[in-house]
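Results of the structural survey
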Amino acid sequence: MAVELLLPDGARREVEPQTTAADVAAAIGPRLARAAVAARVAGRVVDLMRPLGEVVTGGAAEFALLTLDDPQGLEVYRHTTAHVLAQAVRRLYPGTHFAIGPVIADGFYYDMDVRAADGAPVRLSAEDLPRIEAEMQRVIAQDLPLSREAWERDAVRERFVQDGEPFKVEIIDDLPAEAEISLYRQGEFYDLCRGPHLPSTGRIKAYKLLSVAGAYWRGDEKRPMLQRLYGTAFASKDALDRFLWVQEEAKKRDHRRLGPELGLFLLREEAPGFPFWQPRGHTLWRVLEDWSRSLQAAEGYGEVSTPVLMRSELWERSGHWDLFKENMFTLERDNERFAIKPMNCPAHCLLYAAETRSYRDLPLRLAEYGQLARYERSGTLHGLLRVRSLHQDDAHLFVTPQQIQSEMAAVLRLVDTVYGALGMSYNVRLATRPDEFLGDRALWDRAEGDLVEALRAAGKEFILSPKDGAFYGPKLEFHVTDALGRQWQCATVQLDFNLPQRFDLWYTGADGERHRPVMIHRAVFGTMERFIGVLLEHFAGAFPTWLSPVQAVVLPLSDRHADYARSVAAELCQAGLRAEVDARSEKIGYRIRQAQLQQMPYMLVVGDREAAEGLAAVRVRGRGDQGPRPVSEVAAAMRREVAERRAEPGW
RNA sequence: GCUGGUGUAGCUCAGUCGGCAGAGCGACGCACUCGUAAUGCGUAGGUCGGCAGUUCGAUUCUGCCCACCAGCUCCA
């Protein structure tokens, strides 16, 4: 029976069942045949070399050839590169057992128990990677064709038992009964794999092994430690070089290095996970916090402050003691147990419950910027991005069920305002009910449904992140993309029907009856710590003027200009700007260099000419000398720039 | 927390095959008083991450602990 294909241009094509996607590509044109790496048939990505009759079961199937410009095409390409890696390792270390080799965001990895021919374990290090790459190059030069083989479960299991591949056997045993099991073969090497793959190894043009690290089999620390080889592959050498450049650039931008260099914060052994903020860092912090305050005041939020230390009964009532205790710092005094707050929500529930609430009082929006402490396992701490001391730009909105949609919409607008001003895009994930959760499933289903509805209403796409919700409610996670294209989870919005129940919160409705309010937990920056860390890397330390801890540094040419320099700085400060004077007895070139390295947006050089006429010679970060200007004009221009939150300094 | 690695001045890093601890940058002082990315000279600064052990003697060898780095897991 012939197979009917629906091509992307709307054309229909009938082919024999044994026809492959490669045949179709060749029939369309030689260029497409060379560029194609796989095909998408009826929504499923399949090998070019697979007979289409095997995958099209009835009716016409949508058919598209995938090239490396298609993300799914690139995945196939990288997946085959992972097999080439495995083949190379097998040649060099014949006793190696393989686990899994999946494609990840920027490449792939392969987990393996590396052993020599005699079975002796081999520890790989970065120095071994070039040798493995060289062997990969040989595999690619051999241009080995790949072939797919369908196997019966028992037969393939027996094959891997005989090969002495314990991980593969375990994978087979865990496959669902109805799973199609396939093997891919290239030259002397074969691997259990769902595919699809490139038609031959010679198609791989640009690849690189990036690192080797330990990883537990199945992520379980009680199971064997394997070695994970990370690598990546791109369509061209240029694309690979661009990727490697981003890696290098990321190292240069590391906030753990930039922060102390720019005098923003300190990380000390004395307080792991608790950063020390220096004046400049704290200035940046305050600018962000004040911005948040003004945005939230306009939205009708009220700011509160609640205790850092509260009795364990509160945490038992909120459910934290059962489900979050591992993450709390606790202490005992006078035979009483206390915990430092890891979240503000229970305290805000107490504030809500302190007064009788009417539907007319809602929404009640309580904001708090106080310090939280969470115990994070030592190995997970990472600069400002993963800390134990955290300050959320937190708020809890107590709303009636009818207000959920409008309040969610307002929160989503607030998120857009903030990230829009910073020029950062984001994508949204809906994190659903985890295995350990509070309350009943019906409430969870409702909350998850309401979140989806809010996203739809706001016209936002989202991806599902199953079982990643907070224990009290599902959440929206906003992953913002920085200047290097990396993603960070910052903002979060959670919908909670549980805590209002646990704290027996209610309001009097228009009907005179008691009703349960709904809580919306939300943070726009996420935490100040992480947000500042992300901003540091995003801007590489060169903050826009409005965020810059020091916006202008005034540089007197010599000692006799110091007083004038101080008066210039004072004028800027009067105008509400942050200005300093660097009157050290160093040459002007030296101080300009220092100011530039400190990423000062403006440098104002003053000498005899300027002092005589109330001028300052303006130098803009990264743009050099802009010539002399009246100080009042400089101040006015800077004020405008700050008020508009412009991305770049300069006129 | 687990696996592996690292820990010497504020920072980046030399060094000691077990015998008085070094550089550059930075800081501070003095001189220079300067026109747009590094002026010169000088000074201070270290229980060689912590605690034990071995030794005549430990920064160096051994053990335990702590912190950091990479990864796993977890997460704002």
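What you see is a predicted model, and the numbers here were worked out from it, not measured in a lab.

Okay, the protein's contact with RNA strand B next. For RNA strand B, the set of nearby residues contains 49 residues, the closest of which are Y216, S378, R386, K475 and R593. Each atom of RNA strand B within 4 Å of the protein was assigned to sugar, phosphate or base; sugar and phosphate come to 51%. The contact in question runs from a base nitrogen of RNA strand B to an N or O atom on the side chain of E376, over 3.3 Å. Here a phosphate oxygen of RNA strand B sits 3.0 Å away from a polar atom, N or O, in the side chain of Y590. Sorting the residues of the surface near RNA strand B by element identifies strand 12 (206-216), strand 13 (225-234), strand 27 (487-496), helix 18 (588-597), helix 19 (608-613) and strand 34 (615-620) as the ones contributing at least two each. Considered class by class, the residues forming the surface near RNA strand B number 15 nonpolar, 13 polar and 21 charged.

This part is about the sheet that holds strand 4 (residues 44-46). One open sheet holds the 5 strands; their spatial order is 2-1-5-3-4, and the pairing between them is mixed. The open sheet has two edge strands with one neighbour each: strand 2 (12-15) and strand 4. Sheet twist, expressed as the average angle between the axes of neighbouring strands with direction ignored, equals 35°. The pairing of strand 3 (residues 38-41) with strand 4 spans 3 bridges and is antiparallel. Paired with R40 across the bridge in strand 4 is V45.

Omega for the peptide link from L362 to P363 comes to 0°, which places this bond in the cis form. Position of P363 relative to the elements: it lies in the loop between strand 20 (357-358) and strand 21 (364-368). We note that D504 has phi near 50°; this positive angle belongs to a residue other than glycine. By the element assignment, D504 lies in the loop between helix 15 (498-502) and strand 28 (507-508). Notably, R645 is not glycine yet its phi reads approximately 50°, a positive angle. Considering the arrangement of structural elements, one finds R645 in the segment after helix 20 (631-643).

Structurally, chain A comprises domain 1 (3-67), domain 2 (72-250), domain 3 (265-306 + 342-538) and domain 4 (552-643). One C-alpha centre belongs to domain 1, the other to domain 2; they are set 27 Å apart. The interface of domain 1 with domain 2 comprises 17 residues on the first partner and 13 residues on the second. Around 1,000 Å² of area is buried between domain 1 and domain 2 when both sides are counted, 53% of it from carbon and sulfur atoms. It is V37, D47 and M49 that lose the most area in domain 1 upon contact with domain 2, and together they represent 47% of the buried surface on that side. Here domain 1 and domain 2 share 1 salt bridge between them. We note a salt bridge from E180 to R50, for which the minimum N-O separation is 3.5 Å. The interface formed by domain 1 and domain 2 contains 5 residue pairs in polar contact (both at pLDDT 80 or more). Sorting the residues of the side of domain 1 that touches domain 2 by element identifies helix 2 (30-35), strand 3 and strand 4 as the ones contributing at least two each. A breakdown of the residues in the side of domain 1 that touches domain 2 according to their chemical character gives 10 nonpolar, 1 polar and 6 charged.

About the thresholds
Residues numbered from 1 in each chain as written. Chains lettered and ligands numbered in written order. Predicted model: local features only at pLDDT ≥ 70, side-chain atom pairs only at ≥ 80, totals over all residues. Heavy atoms only, no water. Near = heavy atom within 4 Å. Polar contact = N/O pair within 3.5 Å; in protein donor to acceptor, adjacent residues only side chain to side chain. Helix = DSSP H or I, 4+ residues; strand = E, 2+ residues; numbered from the N terminus. Nonpolar A, V, L, I, M, F, W, Y, C, P; charged D, E, K, R; others polar. Pairing = 2+ DSSP bridges. Axes fitted to C-alpha atoms, helices over the stretch in contact; angles between N-to-C directions. Domains from an automatic or database assignment. Contact = heavy atoms within 4.5 Å. Buried area = accessible area lost by both parts, 1.4 Å probe. Salt bridge = Lys/Arg side-chain N within 4 Å of Asp/Glu carboxyl O.

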